[in-house]
There are 2 protein chains.
Amino acid sequence: MSEPGPVQVADSELALLTDLYQLTMLQAYWKEAMTERATFSLFFRKMPSSRRFMLACGQQYAAALASRIRFTPAALECLDGMGRFDSAFLDWLAEWRFTGDIWTLAEGTPVFPNEPLLEVDAPIAEAQLIESLIMNLVQLETVLASKAVRIVLAARGRPVIDFGLRRMHGIDAAVRGVRAYRAAGLAGTSNVLGGLRHDLPLSGTMAHSYILAHDSETEAFRAFARHYPGTTLLVDTHDTLDGVRQVIALLRDEPELRVDAIRLDSGDLGELARDCRALLDEAGHERIKIVASSGLDEFKIARLLEEGAPIDAFGVGTRMGVSADSPAIDLSYKLVEYAGIPRVKHSTGKVNLPGRKQLFRRQGDAGHYIGDVIARRDEMFDDAEPLLVPLVRGGKLNTTHMAAADQARERVEQTLPRLPEGLRRLEPPTSSTEYPVVLSETLQRLAAS
Amino acid sequence: MSEPGPVQVADSELALLTDLYQLTMLQAYWKEAMTERATFSLFFRKMPSSRRFMLACGQQYAAALASRIRFTPAALECLDGMGRFDSAFLDWLAEWRFTGDIWTLAEGTPVFPNEPLLEVDAPIAEAQLIESLIMNLVQLETVLASKAVRIVLAARGRPVIDFGLRRMHGIDAAVRGVRAYRAAGLAGTSNVLGGLRHDLPLSGTMAHSYILAHDSETEAFRAFARHYPGTTLLVDTHDTLDGVRQVIALLRDEPELRVDAIRLDSGDLGELARDCRALLDEAGHERIKIVASSGLDEFKIARLLEEGAPIDAFGVGTRMGVSADSPAIDLSYKLVEYAGIPRVKHSTGKVNLPGRKQLFRRQGDAGHYIGDVIARRDEMFDDAEPLLVPLVRGGKLNTTHMAAADQARERVEQTLPRLPEGLRRLEPPTSSTEYPVVLSETLQRLAAS
């Protein structure tokens, strides 16, 4: 390369963000005049062993994007150059529009294995093409939100800040990850573009390099505190407790400076937090908070808080940003109906549920969720709420449902306390019955036939 | 949201793809008139426990992008809206240009802990700003290429195809991932945009949905084989061996059809491959190849081949696409020199190497690599090759080095056989001495001082 090409993918290129077989199958459907409506269902088969629930995120965003895919002249020219596609087919692609329906769970809905996150009803060539894009988009946000919500739970109300930009898998993961983090309840992000685009407050302190570039730690602290009243100072560049003593001395010498927090980024965070807290309190700085970062995840945070570490906020990067214990889920997008006839692949040991579906969530006392029913789309239950909504109808976005996508964070906040207490624990489940997910009788009969 | 915003990040937004503290530190450096040159070094501290070497990728791409960062009026307006930045500072940012040097390893260089992948020498405000972007870009490609090369090694010359688009972390990971896969030696990708953009052959077969949408498997096979002479047919939708028998029957009934391969995507791949091979051979189709996919990684591929499974090509998705055993590496970008004075953070148990550096690779007999020396930048060794090259000088890309970035694949192919045989094994290393990495005496003295 003489110069690297464009760093990113434009909206006009989304039609090519697909697996080759989608396009070859599309041409086959077109040649065979297979224009009947199909339903595809998006779900995952297995809960990652370390988890108790997943938070479905990105499915409304993905559906909205998929519904606006077009083949631009440039994209068609690329396809033409491959020598695999007839020119009449390419002419047809030029007119390709998504005209179908997409039913989705609301963003931020807790989900369990085999439950549909999204279903597409459309002429088969439309429903097939959008598979790869939808899966990629939902995979990212669901993986990240599901990990992040555990970290938020572990922090028990203390703010969690995303520090993951540098360790996440590329630009889209880092930027759109902030959308998932917002839904999961993070308090802020260090990622400027991510935070601006997805409306999460920006947060940042200072790096060790800033300290090292100055002749002394005190000089660096003084300069930064003068520039940024109410700042957070990073105290562990040389010796953490000595760093705190320098902050205290600085505030004694220049009482007009305001420091709101110190950050610990190495060492035994629990022990250091206690010692730092003692030093600060002794000097009358009860108000200065302690922020901790460095290799944190939900288990480390839970342990720190159980041990009573006086930490007021957590910066979390790598392990949340790549969902280290479970960096992928086995999302599937399966044909379940074609030309009005339910269809499934029969695989040994795998559940495949035929036909168009709806997901119902049952409520018990005080609005607590007590279990789910996976049912056929047209079923109704008196005591259960249908969760799939028609976000796209006849190719058009339902603006009411779209607007509700922005309320993902509030939805998660309200939903978590309604789940059984056991689901909110960090440890892997010991039994699979803590949240029952059953098939409706009608769906059971269909699946058995 | 009424409509989702732009799916991706434009070149003009790269300046905001940074951590907030980079910008606040920048303003601090600007206010303090700290304009001296700094050197930052990019390296990782620890080899992931399952690995024996990493393949440095993305560092030349990242350096090239970083050197063209500009603050557009739109970006400056965003920053202005945050209320944290002085207007005189924003005026200065409007003129911000990268004017420094960036030394990098060639794309596709095997690397070991503490070795510099990249060093930036520039006025501190320039070197600091580009940290987050460089780390994000190098993290992705290095993680993916390092995983992919193991899978290529495990496949012992059989083609490996990327099927990961749907499971990778977002759009950038999937598309730029193909760049890393190309360097690592993959034979193809199913990802259309990724393959087109990064020049890796496209490959694709058919999905179960195509089979299920037809009235019978045979009908689906017939239609697809007619459309695509020489295609690959997916035989496991219902019963794999029955699927193969249908392919054989179809070719007997319509001998003019040409099928080049069948694909197995579930079940015991080794056993099925042997049984399918026997059926095909018996029917005189020795020429039809067997492609396997479904949850593969380097260990499963190695086991299949050890057991003699007659598989001719592998489609690999999730576990390669998220680098499941090690989805992140602990990349660091550390200030090592400022104003001509070597600097480091002294942390217990962590190695931090001060000053500008060069990495030397020693050759033994027949061009075999026998170990590395991390040295000061200005050192020279008779028997060792310096690996860091000045890709960017005075803010300008060196076009010769940039052109060489495209030869990453050839470089990896030529380099791997020159590494000690032990490094090419899949199992974790049993000793740390199989490839010695030492510090030069000069660097040792500096680090100890």
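Quick caveat, the model's predicted, so the values are computed rather than measured. (Residues numbered from 1 in each chain as written. Chains lettered and ligands numbered in written order. Predicted model: local features only at pLDDT ≥ 70, side-chain atom pairs only at ≥ 80, totals over all residues. Heavy atoms only, no water.)

A.B. asks: Please explain the environment of Thr 109 of chain B as it appears in this structure.
C.D. replies: Residues and elements named next belong to chain B. Note that Thr 109 resides in strand 4 (residues 109-111). Residue classification places Thr 109 among the buried residues on the basis of a relative accessible area of 8%. Residues Thr 109 and Arg 274, 165 residues apart in the sequence, show an inter-C-alpha distance of 38 Å. Sequence-distant contacts of Thr 109, defined by excluding residues within four places in its chain, comprise Met 54, Leu 55, Ala 56, Arg 361 and Leu 387. (Helix = DSSP H or I, 4+ residues; strand = E, 2+ residues; numbered from the N terminus. Buried < 20%, exposed > 50% of the residue type's maximum accessible area, 1.4 Å probe, protein only. Contact = heavy atoms within 4.5 Å.)

A.B. asks: Whenever I open this one, the domain arrangement of chain A confuses me. Can you help?
C.D. replies: The figure often quoted for interface size is the accessible area lost as the parts come together. Residue and element names in this part refer to chain A. Assigned domains of chain A: these are domain 1 (11-145 + 326-356 + 388-432) and domain 2 (147-321). The C-alpha-based centres of domain 1 and domain 2 are spaced at 37 Å. Counting residues at the interface gives 24 residues for domain 1, matched by 26 residues for domain 2. Both sides together, the interface formed by domain 1 and domain 2 hides about 2,000 Å², and carbon and sulfur atoms give 59% of it. By the criterion of area lost to domain 2, the three top residues of domain 1 are Leu 144, Arg 409 and Leu 426, representing 37% of everything that side buries. (Domains from an automatic or database assignment. Buried area = accessible area lost by both parts, 1.4 Å probe.)

A.B. asks: I'm lost on the environment of Lys 147 of chain B in this one. Help?
C.D. replies: Residue and element names in this part refer to chain B. You can see Lys 147 is positioned in helix 6 (residues 131-154). Taking relative accessible area as the criterion, Lys 147 reaches 2% and is therefore assigned buried. With 56 residues separating them in the primary sequence, Lys 147 and Ser 203 have C-alpha atoms 20 Å apart. Leaving out residues up to four positions away in the same chain, Lys 147 has contacts with Arg 51, Glu 298, Arg 319, Met 320, Ser 323, Ala 324 and Asp 325.

A.B. asks: I keep staring at the pattern of salt bridges and nothing clicks. Help me out?
C.D. replies: Oppositely charged side chains can form a pair if their charged atoms are brought close together. Taken as a whole, this structure holds 67 salt bridges over all chains when the rule is applied. When the shortest N-O distance is used, the salt bridge between Arg 179 of chain B and Glu 107 of chain B registers 3.1 Å. Of the two residues, Arg 179 of chain B sits in helix 7 (residues 170-184) while Glu 107 of chain B sits in the loop between strand 3 (101-104) and strand 4, which places them 72 residues apart along the sequence. Taking relative accessible area as the criterion, Glu 107 of chain B reaches 1% and is therefore assigned buried. Where Glu 115 of chain B meets Arg 361 of chain B, a salt bridge forms, and the shortest distance between an N and an O atom there is 3.6 Å. Of this pair, Glu 115 of chain B sits in the loop between strand 4 and strand 5 (118-123) while Arg 361 of chain B is found in strand 14 (residues 357-363), placing the two residues 246 residues apart along the sequence. Note on Glu 115 of chain B: relative accessible area 0%, which makes it buried. Classification of Arg 361 of chain B as buried rests on a relative accessible area of 2%. Residues joined by salt bridges that share partners form a network here, namely Glu 119, Asp 121, Glu 337, Arg 356, Lys 357 and Arg 377 of chain A. (Salt bridge = Lys/Arg side-chain N within 4 Å of Asp/Glu carboxyl O.)

A.B. asks: Quick question: what am I supposed to make of the relation of the copies chain A and chain B here?
C.D. replies: The relation between the two chain copies is a rotation about an axis coupled with a shift along that axis. Superposition record for chain A on chain B: RMSD 0.0 Å, screw rotation 180°, translation along axis 0.0 Å. Here the copies are linked by what is in effect a two-fold axis. The rotation axis passes nearest to the C-alpha of Asp 172 of chain A in chain A, at a distance of 2.6 Å. Both copies present the same face, since 99% of the interface residues in chain A are matched by interface residues at the equivalent positions in chain B. (Least-squares fit on C-alpha atoms with pLDDT ≥ 70 in both.)

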